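A look at the structure
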Amino acid sequence: MQPHIPAQIAVHFQQVYHGGNWASSHYKAVMADIDWEMANHTIAGCNSIATLFFHTQYYIGIVLKVLQGGPLQGSDKESFVHPPVHNESEWEAYKTQAWQQADAFAAALANLPESHLWQDFIKPEYHSYYWQMHGLIEHLHYHLGQIVVLKKILRHQA
């Protein structure tokens with residue numbers, strides 16, 4: 001019996017957040033010891049860790065709505081805009097919300113009919129659902145790598 005491809009992609013997505021992936025790096029572990037002050041710190045004109053994390057979650061939220069039957073609503077320009085993080089409790093609450101959203105996304109993806117993978121994601125220029133889901137995972141890994149580098153630099157400066 002063939003595995004349900006959307007469920008396999010959902011596992012791959014979950015692993016970016018919770019571990020077990022090929023890269024051996026995941027958001028929960030990397031973000032565990034980043035406090036709100038480090039998350040907000042900017043260096044050399046780079047985005048802050050908080051901004052990168054909010055940015056990734058912005059796209060997960062947009063695509064989650066589509067997987068749940070809603071419209072595609074969002075813009076690249078808005079993806080780097082986020083509310084400020086004023087203290088540790090706000091930062092921890094946001095991370096908890098992100099983990100919950102990731103779990104909801106994985107569940108919605110796992111339940112996607114396999115035939116949807118090969119259909120256009122809203123419009124032909126957005127490619128297929130398959131392309132979009134893998135693109136989101138690549139996007140998460142890309143920004144996770146940036147976060148890891150920023151964390152190392154900030155720790156070294158301290």
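In this report, we go over the structure that sits alongside the text. Computed from a predicted structure; not experimentally measured.

Observations concerning helix α6 (residues 129-157)
- The end-to-end C-alpha distance of α6 is 42 Å, a good match for the 42 Å that 29 residues give at a rise of 1.5 Å each.
- Elements that come into contact with the buried residues of α6 comprise α1 (5-18), α2 (27-31), α3 (36-40), α4 (49-67) and α5 (88-110).

Quick notes on the side chain of His26
- As for its placement among the helices and strands, His26 is situated in the loop between α1 and α2.
- In this structure His26 comes out as buried when scored by relative accessible area, which is 17%.
- Polar side-chain contacts of His26 include one of 3.2 Å to the backbone oxygen of Tyr17.
- Leaving out residues up to four positions away in the same chain, His26 has contacts with Gln15, Val16, Tyr17, His18, Gly19 and Leu144.

Considerations on unusual backbone geometry
- The phi angle at Ser24 is positive, at roughly 60°, despite the residue not being glycine.
- Under the relative-accessibility criterion, Ser24 is labelled exposed at 66%.

Concerning the packing of aromatic side chains
- For the structure on display, the rule yields 12 aromatic pairs.
- Following the ring pairs from residue to residue traces out a cluster consisting of Phe13, Tyr17, Tyr27, Phe53, Phe54, Trp91, Tyr94, Trp99 and Phe105.

What to know about the nonpolar core
- Counting 45 residues, the largest nonpolar core has Tyr27 and Phe105 as its most contacted members.
- Of all elements in the fold, only α1, α2, α3, α4, α5 and α6 reach the threshold of two or more residues within this core.
- With 11 residues, α4 is the largest single contributor of residues to this core.
- Apart from residues no more than four positions distant in its own chain, Tyr27 is found in contact with Val16, Tyr17, Phe53, Thr56, Trp99, Leu140, His143, Leu144 and Ile147.

Structural notes on the packing of α1 against α5
- Viewed as axis vectors pointing N to C, α1 and α5 meet at an angle of 165°, and their least axial separation amounts to 8 Å. As summarised for this structure, α1 and α5 are arranged roughly antiparallel, according to the angle between their axes. Between α1 and α5 the crossing geometry is left-handed. Facing α1, whose interface residues are Pro6, Ala7, Ile9, Ala10, Phe13, Gln14, Tyr17 and His18, α5 presents Trp99, Ala102, Asp103, Phe105, Ala106, Leu109 and Ala110.
- Its residues assigned to classes, the contact of α1 with α5 comprises 12 nonpolar, 2 polar and 1 charged.

Notes on the pattern of salt bridges
- Across all of its chains, the model carries 4 salt bridges by this definition.
- Here Asp33 makes a salt bridge to Lys151, at a shortest N to O gap of 2.6 Å. Of this pair, Asp33 sits in the loop between α2 and α3 while Lys151 sits in helix α6; the two residues are 118 residues apart in sequence, bridging distant segments of the chain.
- The exposure class assigned to Lys151 is buried, which follows from its relative accessible area of 15%.
- Glu92 is paired through a salt bridge with Lys95; the nearest N and O atoms lie 3.1 Å apart. Taken together, the residues Glu92 and Lys95, both in helix α5 and 3 residues apart, mark about one turn of the helix.

Some words on α5
- The terminal C-alpha atoms of α5, which comprises 23 residues, lie 33 Å apart, in line with the 33 Å expected from a rise of 1.5 Å per residue.
- Where the residues of α5 are buried, they touch α1, α2, α3, α4 and α6.

Structural notes on the layout of surface pockets
- Its boundaries defined by the atoms lining it, the largest pocket holds a volume of some 420 Å³.
- What lines the largest pocket is a set of 15 residues, and nearest its centre among them are Tyr59, Val63, Leu72, Asp76 and Gln132.
- Contributions of two or more residues to the lining of the largest pocket are made by α4 and α6.
- Examining the composition of the lining of the largest pocket, we find that 5 residues originate from one element, α6, more than from any other.
- For the lining of the largest pocket, the residue count by class is 8 nonpolar, 6 polar and 1 charged.

Parameters at a glance
- Residue indices follow the written sequence of each chain, beginning from 1 at its first position.
- For a predicted model such as this one, the threshold for reporting local features is a pLDDT of at least 70, and the threshold for listing and counting side-chain atom pairs is 80 or more; totals across whole chains, interfaces and linings nevertheless cover every residue.
- Neither water nor hydrogens contribute to the side-chain values; these are computed over all heavy atoms in the structure.
- Every helix listed is a DSSP run of H or I at least four residues long, and every strand listed is a run of E at least two residues long, numbered separately from the N terminus.
- In this scheme, a helix's expected span is set at 1.5 Å multiplied by one less than its residue total.
- The contact criterion used throughout is that any non-hydrogen atoms of two residues lie within 4.5 Å.
- Only protein chains enter the area calculation, which uses a 1.4 Å probe; residues under 20% of their type maximum are buried, those over 50% are exposed, and those in between are partly exposed.
- Counting of polar contacts relies on pairs of N or O atoms within 3.5 Å, with two restrictions inside protein: one atom must be capable of donating a hydrogen and the other of accepting it, and residues adjacent in sequence are counted only when both atoms are side-chain atoms.
- Between the rings of Phe, Tyr and Trp (Trp by its six-membered ring), a pair exists once the centres lie within 6.5 Å; its type follows the angle of the planes, with under 30 degrees stacked, over 60 edge-to-face, and the other angles tilted.
- By nonpolar core we mean a set of buried residues, namely Ala, Val, Leu, Ile, Met, Phe, Trp, Tyr and Cys, connected to one another through side-chain atoms within 4.5 Å.
- Axis geometry follows a simple rule: fit a line to the C-alpha atoms, using only the stretch in contact for helices, then measure angles between N-to-C directions, giving values from 0 to 180 degrees.
- Throughout this description, any angle smaller than 35 degrees is read as roughly parallel, any larger than 145 degrees as roughly antiparallel, any in the 65 to 115 degree range as roughly perpendicular, and the remainder as oblique.
- Left-handed describes a crossing in which the near helix is turned anticlockwise from the far one by less than a right angle; the clockwise case is right-handed.
- Charged means Asp, Glu, Lys or Arg here, nonpolar means Ala, Val, Leu, Ile, Met, Phe, Trp, Tyr, Cys or Pro, and polar covers whatever is left, Gly included.
- When a carboxyl oxygen of Asp or Glu is within 4 Å of a side-chain nitrogen of Lys or Arg, the pair counts as a salt bridge.
- Space inside and on the surface of the protein is sampled on a 1 Å grid over the protein atoms alone, with a cavity defined as a set of points where a 1.4 Å probe fits but cannot get out and a pocket as an open set with protein on both sides within 12 Å along at least 5 of 7 lines; lining residues have an atom within 4 Å of a point.
- Grid points are joined across faces, edges and corners, and a volume is the space filled by probe spheres set on the points.

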